[in-house]
Amino acid sequence: MLRDHAIQCKQTIAVAHRSSVDSYMKGTYAAAVSGIAARVEPVDSLEDRPDGGERKSRWLVITATEVKRDSRVWLPPDDLDTPLQAAKARIPFEVIKRVDVAGNATHFEVSL
């Protein structure tokens, strides 16, 4: 989808993937990658959590770059801060990998 419609991705995000956890089970993160093309849309929906509760989703990010569920994501305009501020990062609570008929990833839908 996004490979054919790259023009839809007029915004950018920054992403830092979790690289490990320390002895207190707190995540440590790799250096953030900025300038990732994405489409960021405000949404207002309730998402089911694995524990049976609900969580309100405020943003949907669509990108061709893989974002993992334990990554940190900075939305516009926070993705332009130098250096990136950890307090402004968001952690995805759902990531959906969309594939084509051949099983190749076309894009990722990230709920924040």
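Residues numbered from 1 in each chain as written. Predicted model: local features only at pLDDT ≥ 70, side-chain atom pairs only at ≥ 80, totals over all residues. Heavy atoms only, no water.

1. Quick notes on the overall build of the protein chain
Going by this rule: Numbering of helices and strands runs from the N terminus; a helix is a DSSP stretch of H or I covering at least four residues, while a strand is a stretch of E covering at least two. Accessibility here uses a 1.4 Å probe with only protein chains present; expressed as a share of the type maximum, an area under 20% marks a residue as buried, one over 50% as exposed, and anything in between as partly exposed. Residues are treated as being in contact if the distance between any of their heavy atoms lies within 4.5 Å.
When helices and strands are counted, the protein chain shows zero helices and eight strands. Split into buried and exposed, the 112 residues of the protein chain put 31% on the buried side. Taking as baseline every contact in the protein chain between residues at least 6 positions apart, the subset at least 24 positions apart corresponds to 49%.

2. Here we look at unusual backbone geometry
Omega for the bond connecting P76 with P77 falls within 30 degrees of zero, at 0°, which places this linkage in the cis form. Residue position: P77 is located in the loop between β6 (72-74) and β7 (94-99). Across the junction of T82 and P83, the peptide omega takes the value -5°, indicating a cis bond. Looking at where P83 falls in the secondary structure, it is placed in the loop between β6 and β7. Positive phi is not limited to glycine here, since M25 has a value of about 65°. Residue position: M25 is located in the loop between β2 (18-21) and β3 (27-29).

3. Overview of the environment of V43
Looking at the element boundaries, V43 is found in strand β4 (residues 33-48). Linking V43 and W59, residues 16 residues apart in sequence, is a C-alpha distance of 5.3 Å.

4. Observations regarding the pattern of salt bridges
Going by this rule: Each reported salt bridge corresponds to a side-chain nitrogen of Lys or Arg within 4 Å of a carboxyl oxygen of Asp or Glu.
Under the defined criterion, the tally for this structure stands at five salt bridges. Ionic pairing is found between R18 and D70, a salt bridge with its closest N-O pair at 3.2 Å. Here the residue R18 occupies a position in strand β2, and D70 occupies one in the loop between β5 (54-63) and β6, the gap between them amounting to 52 residues. The exposure class of D70 is partly exposed, given its relative accessible area of 27%. Residue R39 is joined to E41 by a salt bridge in which the shortest nitrogen-to-oxygen separation is 2.8 Å. Taking the relative accessible area as the measure of exposure, E41 reaches 27% and is therefore partly exposed. Overlapping salt bridges, with partners in common, bring together D78, D81 and K88 in one network.

5. Structural notes on the nonpolar core
Condition: Take the buried residues of types Ala, Val, Leu, Ile, Met, Phe, Trp, Tyr and Cys, join any two whose side-chain atoms come within 4.5 Å, and each joined set is a nonpolar core.
Counting eleven residues, the largest nonpolar core consists of I13, V15, I36, A38, V40, V61, V67, V73, L75, V110 and L112. Mapped onto this core, the elements with two or more residues apiece are β1 (11-16) and β4. The residues touching V15, leaving out its near neighbours within four places in the chain, are A31, A32, V33, I36, V67, S71, R72, V73 and W74.

Function-wise, these values are silent; they only describe arrangement.
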